[in-house]
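Each chain is listed here by its residues.
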Amino acid sequence: NDGSVTATPVDAYDSEYLCPVSIDGQILALEFDSGSSDLWVFSTSLPLSQQKGHVIFDPSKSKNWKALSGYTWNITYGDKSGASGTVGTDVVTVGGTSVSGQAVEIATQVSSQFVSDTANNGLLGLAFSSINTVKPQKQKTFFDLAKPSLSSPVFTADLKHHAPGTYDFGTINSAKYTGAITYTNVVTSKGFWEFTGSGYAVGNGSFVSSSIDAIADTGTTLIYLPDAVVTAYYQQVSGASYDSSQGGYTFPCSATLPNLTLGIGSYRAVVPGQYINYSPRGSKCFGGVQSNTGIGFSIYGDVFLKSQFVIFDGSSTPRLGFASK
Ligand SMILES: O[C@H](COCc1ccccc1F)CN1CCCC1
């Protein structure tokens with residue numbers, strides 16, 4: 001049974017998007033993350049100080065809860081945030097899509113970034129199950145468990161700028177995009193939705209062909225690209241500079257930002273310049289495009305994804321589809 005769920009920006013900067021998820025009737029707002037593969041929740045097993053302000057899952061109140069004795073999980077994300085705990089299974093419903101036997105990872109410890117982000121009550125991972133962190137046996141993602149019941153083994157992301165969007169499971173809603181969908185192959189060896197971009201253009205400048213190894217990551221806020229692209233971009237922004245104290249490129253908040261075009265095959269995905277004015281930071285504004293140095297690949301995060309209609313095709317040959325909207 002196909003489903004559709006609203007993805008609501010957590011703040012005025014679209015720093016993350018949260019979706020309501022039902023765990024045997026207990027509804028929590030979770031961050032859908034195509035860059036990881038664990039479904040974990042704030043729980044009654046956390047210290048009270050870490051529970052404060054969050055919606056808490058209480059397994060003792062769930063009729064369908066089955067503890068997995070001796071199973072544990074421990075995850076560290078790219079931004080060094082993390083969480084860990086124990087595991088059970090339960091019935092998990094997202095929009096109209098319900099799965100039973102879903103591994104629900106109960107947090108017994110979460111890092112300070114999660115404690116302070118009180119709108120976020122956990123994550124629903126949508127990357128490949130190969131990178132699920134549960135031991136002694138890794139567990140399947142919601143998408144993997146839902147696939148057999150979906151009309152087609154896909155989910156789509158229609159995130160929006162400063163507005164609620166949707167994740168759909170099982171169907172590609174042609175009312176949500178314009179023109180043709182361009183598909184590109186995915187490499188799953190790192191467990192991510194990883195693909196090769198074909199190049200970039202800054203503003204009305206000419207397109208530069210170059211292979212960009214990237215992942216499509218709904219759990220990452222910004223776009224992280226090779227230095228050559230990032231310097232070329234901010235050269236077109238008057239007053240822009242790399243500010244090591246802020247950890248990235250900043251510019252005067254009054255600056256006019258050029259569009260950034262990112263190639264996917266022959267398709268040209270246009271990120272509006274205004275999406276790249278991410279947020280005020282100190283006396284300047286912080287850029288939505290930053291360097292991928294230290295990450296090992298590029299990340300097409302929410303600043304990019306919200307400019308597109310994106311198909312995550314989980315068929316036997318996984319691929320990503322992109323269309324304008
Ligand atoms: O940790 C991510 C952002 O990390 C970016 C990233 C992704 C993949 C590899 C290396 C990286 F730096 C954001 N969190 C994910 C879940 C909560 C927020």
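As the structure is a computational prediction, the values presented were derived from the model and not from experiment.

## Observations concerning the site of the ligand
Next up, step 1: Around the ligand, a shell composed of 14 residues is seen, among which Tyr77, Gly78, Asp79, Leu123 and Gly219 lie nearest.
Next up, step 2: Between the ligand and Asp79, the relevant distance is 3.1 Å, taken from an oxygen atom to a main-chain nitrogen or oxygen of the residue.
Next up, step 3: Computed on the free molecule, the ligand has an accessible area of 450 Å², of which 83% lies beneath the protein chains in the complex.
Next up, step 4: Split by residue class, the shell around the ligand holds seven nonpolar, three polar and four charged.

## What to know about the nonpolar core
Next up, step 1: Among the nonpolar cores identified, the biggest contains 70 residues, and Phe32, Tyr167, Phe169, Leu225 and Phe304 are the most heavily contacted of them.
Next up, step 2: Sequence-distant contacts of Phe304, defined by excluding residues within four places in its chain, comprise Ile223, Leu262, Ile264, Ala269, Val271 and Phe322.
Next up, step 3: Among the nonpolar cores identified, the runner-up in size contains 15 residues, and Ala83, Ala103, Phe114 and Leu123 belong to it.

## Some thoughts on the sheet that holds strand E15 (residues 241–243)
Next up, step 1: Judged by pairing direction, the sheet is antiparallel, and its four strands sit side by side in the order E15-E16-E20-E19 without closing on themselves. Edge positions in the open sheet fall to E15 and strand E19 (277–281), since each of these has one partner strand only. With strand direction ignored, the average angle separating the axes of adjacent strands in the sheet is 45 degrees.

## Some remarks on the environment of Ser62
Next up, step 1: In this structure, Ser62 sits in the loop between helix H1 (48–51) and strand E5 (66–76).
Next up, step 2: Since its relative accessible area comes to 8%, Ser62 is described here as buried.
Next up, step 3: Through-space distance from the C-alpha of Ser62 to that of Asn132 is 24 Å; in sequence the pair is 70 residues apart.
Next up, step 4: Beyond its immediate stretch of four places on either side in the chain, Ser62 contacts Asp24, Gln26, Phe57 and Asp90.
Next up, step 5: A polar contact is formed between the side chain of Ser62 and the side chain of Asp24, at a distance of 2.7 Å.

## Description of the state of the cysteines
Next up, step 1: Taken as a whole, this structure holds one disulfide when the rule is applied.
Next up, step 2: Paired by a disulfide, Cys253 and Cys285 hold their sulfur atoms 2.1 Å apart. Looking down the S-S bond of the Cys253 and Cys285 bridge, the torsion is 105 degrees, so its handedness is right-handed. Highlighted residues: Cys253 in the loop between strand E16 (248–251) and strand E17 (260–264) and Cys285 in strand E20 (residues 284–287), separated in sequence by 32 residues.
Next up, step 3: Judged by its relative accessible area of 37%, Cys253 falls in the partly exposed class.
Next up, step 4: Here Cys285 falls in the buried class, since its relative accessible area comes to 3%.

Conventions we followed
Residues numbered from 1 in each chain as written. Predicted model: local features only at pLDDT ≥ 70, side-chain atom pairs only at ≥ 80, totals over all residues. Heavy atoms only, no water. Near = heavy atom within 4 Å. Polar contact = N/O pair within 3.5 Å; in protein donor to acceptor, adjacent residues only side chain to side chain. Areas by Shrake-Rupley, 256 points an atom, 1.4 Å probe, with all protein chains shown as cover. Nonpolar A, V, L, I, M, F, W, Y, C, P; charged D, E, K, R; others polar. Core = buried A, V, L, I, M, F, W, Y, C linked by side-chain atoms within 4.5 Å. Buried < 20%, exposed > 50% of the residue type's maximum accessible area, 1.4 Å probe, protein only. Contact = heavy atoms within 4.5 Å. Pairing = 2+ DSSP bridges. Helix = DSSP H or I, 4+ residues; strand = E, 2+ residues; numbered from the N terminus. Axes fitted to C-alpha atoms, helices over the stretch in contact; angles between N-to-C directions. Disulfide = S-S within 2.5 Å.

Purely spatial values, then, with no claim about function.
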